[in-house]
Amino acid sequence: MVVRVVDHWVVLMGGGPWLNGWCAVVRDWCVIKVVVGGGGSGGECRNRGSERGLVACLSRRGGRRMWWSGGQVLAGLVVKCWWSGGGDERLGDALYALRRAVRDPGNVLQSWDPTLVNPCTWFHVTCDHLNRVTRLDLGNAKLSGKLVPDLGKLHHLQYLELYTNIFVGQIPEEFGGLNSLFSLDLFHNNLTGPIPSSLSNLSNLKFLRLNDNKLTGRIPRELTKLQNLKILNVSNNNLCGTIPTSGPLYKFTEESFVNNPRLEGPELIGFVRYDSGRECN
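Notes on the structure follow. All of these numbers come straight from a predicted model, not from anything done at the bench. (Residues numbered from 1 in each chain as written. Predicted model: local features only at pLDDT ≥ 70, side-chain atom pairs only at ≥ 80, totals over all residues. Heavy atoms only, no water.)

Turning next to the overall build of the protein chain. Looking only at helices and strands, one finds two helices and 21 strands in the protein chain. Within the protein chain, the fraction of its 281 residues that count as buried is 46%. Considering only contacts within the protein chain whose residues lie at least 6 apart along the sequence, 46% involve residues at least 24 apart. Working note: accessible area of the protein chain is about 13600 Å², and carbon and sulfur atoms make up 50% of it. (Helix = DSSP H or I, 4+ residues; strand = E, 2+ residues; numbered from the N terminus. Buried < 20%, exposed > 50% of the residue type's maximum accessible area, 1.4 Å probe, protein only. Contact = heavy atoms within 4.5 Å. Areas by Shrake-Rupley, 256 points an atom, 1.4 Å probe, with all protein chains shown as cover.)

Written out as structure tokens, the structure reads:
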């Protein structure tokens, strides 16, 4: 019997009446799937909290005698669920919250099955070698509904591509927790409300495209802290106030801000205050 550990997977391969399978974590469940005798028998066992119950389940499903001896023992071999130290076993929950919240007429999210081991097998989701979600590519997917704050839990996400859909409501403040993010593309939706100042926490952000929505309020001065920002586009919204010109924002041309009828133009230090006192919401 050979055990191979890959991230939070335990892969079993054995001789004789051979057995293989895997152990993983889905949410806070321990899940083990076993196949015995060339795939002719076997099944999947889930358990929350009781290792003994999981072993009993495996004994029934696998058709082999299994017993308890201070751990989960399978054919004389201790098997355990190896929990990911980064808490990424809950990434499926964060993504599945989006699926529950949106309408998906094209069944783009059909593969997002919460009973699968992790979201890395879902279409439009990309993971790194540690099974951490790094990309979410749902541009031009005809999705409608509200963005969910749960996506802010994807702390290793580098690309959040939700452009050209029919998303409504506000950009969640929780998106400011995506501290690995390089690209945030929410353009061509129907998003309303302010640009969250929490986006200033995205120190790795290079591309911020929020154009062609219905955003209101001021451009947060806090965005001047985004020293790595290469592209900014907030055009075709209903923003107001003046444009902060310090930090990286000074290098962006008028094209980044056009077609905001209430936007008064670049802030002129010493002449036009950022908070000039005019109503802006």
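Right, let's get into unusual backbone geometry. One non-glycine residue, Asn236, lies in the positive phi region at around 60°. Among the structural elements, Asn236 can be located in the loop between β19 (231–233) and β20 (238–243). The partly exposed category is assigned to Asn236, whose relative accessible area is 26%. Phi is positive for Asn259, close to 60°, though the residue is something other than glycine. Owing to a relative accessible area of 54%, Asn259 belongs among the exposed residues under this scheme.

Another point: the packing of aromatic side chains. A complete count under the given rule lists three aromatic pairs for this structure. Measuring from ring centre to ring centre gives 4.9 Å for Tyr163 and Phe187, while their planes differ by 10°; the resulting arrangement is stacked. With Tyr163 in the loop between β13 (159–161) and β14 (166–169) and Phe187 in the loop between β15 (183–185) and β16 (190–193), this pair connects stretches of sequence that are 24 residues apart. By relative accessible area, Tyr163 is classed as partly exposed at 27%. Owing to a relative accessible area of 16%, Phe187 belongs among the buried residues under this scheme. One Lys or Arg, Lys206, reaches over the ring of Phe182 and ends 5.7 Å from the middle of that ring. (Phe/Tyr/Trp six-rings, centres within 6.5 Å; stacked < 30°, edge-to-face > 60°. Lys NZ or Arg CZ within 6 Å of the ring centre and 35° of its normal.)

Time to look at the sheet that holds strand β10 (residues 125–127). Across the sheet, which stays open at both edges, the six strands sit in the order β10-β11-β13-β15-β17-β19 with mixed pairing between neighbours. Unpaired on one side and paired on the other, β10 and β19 mark the two borders of the sheet. With direction set aside, neighbouring strand axes in the sheet form an average angle of 15°. (Pairing = 2+ DSSP bridges. Axes fitted to C-alpha atoms, helices over the stretch in contact; angles between N-to-C directions.)

Note: disulfide means a covalent bond formed between the sulfur atoms of two cysteine side chains. All told, the structure shown has two disulfides when counted by the stated rule. A disulfide bridge connects Cys120 with Cys127, and the sulfur atoms are separated by 2.1 Å. In this structure the cystine formed by Cys120 and Cys127 twists about its S-S bond by roughly -95°; its chirality is therefore left-handed. What pairs with Cys240 in a disulfide is Cys280, and their sulfur atoms sit 1.7 Å apart. With the S-S bond torsion at 90°, the cross-link from Cys240 to Cys280 turns out right-handed. (Disulfide = S-S within 2.5 Å.)

Turning to the sheet that holds β16, a few remarks are in order. Strand order in the open sheet made by the seven strands is β9-β12-β14-β16-β18-β20-β21, with mixed pairing throughout. Strand pairing shows two members of the sheet lacking a second neighbour, β9 (102–103) and β21 (262–266), which therefore form its edges. Across two bridges, β14 lies against β16 in parallel orientation. Within β16, the position partnered with Val168 by the bridge is Asn190.

Looking now at helix α2 (residues 91–101). An α-helix turns once every 3.6 residues. As a result, residues three or four positions apart point the same way. Among the residues of α2, Leu91, Gly92, Ala94, Leu95, Tyr96, Ala97 and Leu98 are the ones counted as buried. Residues of α2 that are buried sit in contact with β9, β10, β11 (133–137) and β12 (144–146).

Here we take up the pattern of salt bridges. This model, assessed by the stated rule, comprises four salt bridges. The salt bridge involving Asp137 is made with Arg135; its shortest N-O contact spans 2.9 Å. Judged by its relative accessible area of 25%, Asp137 falls in the partly exposed class. Arg209 is the salt-bridge partner of Asp185, the closest N and O atoms lying 2.5 Å from each other. Note that Asp185 is positioned in strand β15 and Arg209 in strand β17 (residues 207–209), a separation of 24 residues in sequence. For Asp185, a relative accessible area of 3% corresponds to the buried category. The class of Arg209 is partly exposed, set by a relative accessible area of 23%. (Salt bridge = Lys/Arg side-chain N within 4 Å of Asp/Glu carboxyl O.)

This part is about the pairing of β14. Where β12 and β14 come together, three bridges link them in parallel fashion. Residue pairing across strands places Ser144 opposite Ile166, the latter belonging to β14.

Mapped onto the secondary structure, Ser256 falls in the loop between β20 and β21. Overall, the relative accessible area of 8% leaves Ser256 in the buried class. When neighbours within four sequence positions are excluded, Ser256 is seen to be in contact with Leu232, Asn233, Val234 and Ser235.

These results come straight from atomic positions and should not be treated as a statement about function.
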